[in-house]
Amino acid sequence: MKGPLGFNAEDLLQETLAMQRKLMDGLKLLPSVDDVDYGATTREEIWRDGKVTLYRFVGTEAPVHRTPLLIVYALVNRPYMVDLQTDRSLVQKLLALGHDVYVLDWGYPDRSERYQTLEDYLLRFVDGAVDHLQARNGGNPINMLGICQGGVFALCYAALRQAKLANLITMVTPVDFHTPDNMLSHWARQVDVDLLVDTLGNIPADLMNASYLMLKPFRLNVQKYVGLLDILDDKDALEDFLRMEKWIFDSPDLAGEAFRDFIKQFYQGNGLMHDGVRIGEETVDLQQVTLPVLNIYAEQDHLVPPDASRALRGRIGSTDYTESSFRGGHIGIYVSGRAQREVPATITGWLNERAQ
């Protein structure tokens, strides 16, 4: 007879025995699990400035789209979430659709980079990489895909150096940093960032990771590891889990001055909403962005809520603006099965419609 909660002592016994079997199988399986890494696609270095490297991804077939596509990722994680593994790679899907794909790797800043600013990142590193790609492309403009914080960089860059870009794609990119459901922004607005940077110099990766994990403490610190018990006897699933964990915790420290500038201008000042962002001596005016823009956001994103991304509509000067939403969260939009099917196809279709 079942109890009021729908189970009885026999059910508990069987569940306990099943868990014991999984644990025993896991103990046998773990020694056979290979060392995991992310970054499934062959790449070649084509340009470098200090620790910042521009890579070209090498597909199995020559690209059919002539215009290079440059991926600009956030500073807070390694950029290879877009190329995590063979069956979860936005890069491989784009290559298969004929694109010539590149990515900027920011490297691992150390104390010598403490005083690098947003001007360095945008008008030295991004601009240098774009100039190099333009030279490879006969001096023609390139396409840019900015992801998360990299999308903020891409928007600012487009406002300042639009002539070098043909089309702009932003993905899970915050524009309005003060939406009510943006918990990370609520925290950041309370931080004495001057004291933090003056004390620490560069911002440790472990501090940033801890902050992100505490946005969903039960889900990200407890539930996913409890769920690990369910896959202890599945080698492929276990390797997938470990690969994701390795990517999450292989985060670089953040250059102190760039962090200070970003928190003040975006999280605290919400500068993109009232043209209050300055990069060096130049002011970012989103009305100067008149090229075609595709804005992609995730409907269940807890880091960049949909309203934070949708705020781009009406902020830019372009009359060719498209929004596209996908079910999933901030990471799922790169690696989920649905995203693997839909996101690369959406990007490709949109670019094809604007091909010259």
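It should be noted that the structure appears before, not after, this text.
Keep in mind that what you see is a predicted model, and the values were worked out from it rather than measured. (Residues numbered from 1 in each chain as written. Predicted model: local features only at pLDDT ≥ 70, side-chain atom pairs only at ≥ 80, totals over all residues. Heavy atoms only, no water.)

Engineer: Honestly, the overall build of the protein chain in this entry has me stumped. Any pointers?
Structural biologist: Along the backbone of the protein chain there are 13 helices and ten strands. By residue count, 52% of the 356 residues in the protein chain fall in the buried class. Intrachain contacts of the protein chain at a sequence separation of at least 6 include 78% that bridge at least 24 residues. Carbon together with sulfur atoms contributes 53% to the accessible area of the protein chain, which is approximately 16200 Å² in total. (Helix = DSSP H or I, 4+ residues; strand = E, 2+ residues; numbered from the N terminus. Buried < 20%, exposed > 50% of the residue type's maximum accessible area, 1.4 Å probe, protein only. Contact = heavy atoms within 4.5 Å. Areas by Shrake-Rupley, 256 points an atom, 1.4 Å probe, with all protein chains shown as cover.)

Engineer: What is the right way to look at the side chain of His99 in this model?
Structural biologist: Examined against the element boundaries, His99 turns out to sit in the loop between α2 (90-96) and β4 (101-105). Among the residues examined, His99 registers a relative accessible area of 4% and is labelled buried. Within the structure, the side chain of His99 is placed 2.8 Å from the side chain of Thr348, a separation counted as a polar contact. The contacts of His99, once residues within four sequence positions are left out, are Pro63, His65, Leu94, Thr348 and Leu351. (Polar contact = N/O pair within 3.5 Å; in protein donor to acceptor, adjacent residues only side chain to side chain.)

Engineer: Please clarify how the environment of Arg48 should be interpreted in this entry.
Structural biologist: Following the sequence through the fold, Arg48 ends up in strand β1 (residues 43-49). Look at Arg48 and you get partly exposed, because its relative accessible area is 43%. Distance in space between the C-alpha atoms of Arg48 and Leu104 is 9.4 Å, their sequence separation being 56 residues. Residues within four places of Arg48 in sequence aside, it is in contact with Thr53 and Tyr55.

Engineer: What is the right way to read the sheet that holds strand β6 (residues 165-171) from this model?
Structural biologist: Across a sheet, strands are paired by hydrogen bonds formed along the backbone, either parallel or antiparallel in direction. Ordered by their spatial adjacency, eight strands build an open sheet running β1-β2-β4-β3-β5-β6-β9-β10, and the pairing between neighbours is mixed. Since the sheet does not close on itself, it has two edges, and those belong to β1 and β10 (321-326), each with one partner. Geometrically, the sheet is characterised by an average inter-axis angle of 20° between neighbouring strands, direction not taken into account. Pairing geometry for strand β9 (residues 293-298) and β10, over six bridges, is parallel. Paired with Ile296 across the two strands is Ser324, which belongs to β10. Strand contacts of helix α13 (residues 337-353): β5 (142-147), β6, β9 and β10, with the helix running at about 155° to β6, the strand carrying the most contacts. (Pairing = 2+ DSSP bridges. Axes fitted to C-alpha atoms, helices over the stretch in contact; angles between N-to-C directions.)

Engineer: I tried to follow a nonpolar patch on the surface on my own but got confused; where do I start?
Structural biologist: On the surface, Met183, Trp187 and Met214 cluster together into a nonpolar patch covering about 290 Å² of accessible area. Looking at where Trp187 falls in the secondary structure, it is placed in helix α5 (residues 183-188). Judged by its relative accessible area of 36%, Trp187 falls in the partly exposed class. (Patch = residues over 30% accessible without salt bridge, like charges linked within 9 Å, V, L, I, M, F, W, Y side chains within 5 Å. Salt bridge = Lys/Arg side-chain N within 4 Å of Asp/Glu carboxyl O.)

Engineer: Looking at this structure, how should I read the pattern of salt bridges?
Structural biologist: It is possible for side chains bearing opposite charge to pair when their charged atoms get close. The full count for this structure, using the stated rule, is 21 salt bridges. Two residues, Glu44 and Arg56, come together in a salt bridge whose shortest N-O distance is 3.4 Å. Here Glu44 is found in strand β1, whereas its partner Arg56 is found in strand β2 (residues 52-57), with twelve residues between them in sequence. You can call Glu44 partly exposed: its relative accessible area is 34%. A salt bridge links Arg260 to Asp198; the nearest nitrogen and oxygen atoms lie 2.9 Å apart. Of this pair, Arg260 sits in helix α10 (residues 256-268) while Asp198 sits in helix α6 (residues 193-200), placing them 62 residues apart in sequence. Relative accessible area serves as the criterion here: at 48%, Asp198 is assigned to the partly exposed category.

Function-wise, these values are silent; they only describe arrangement.
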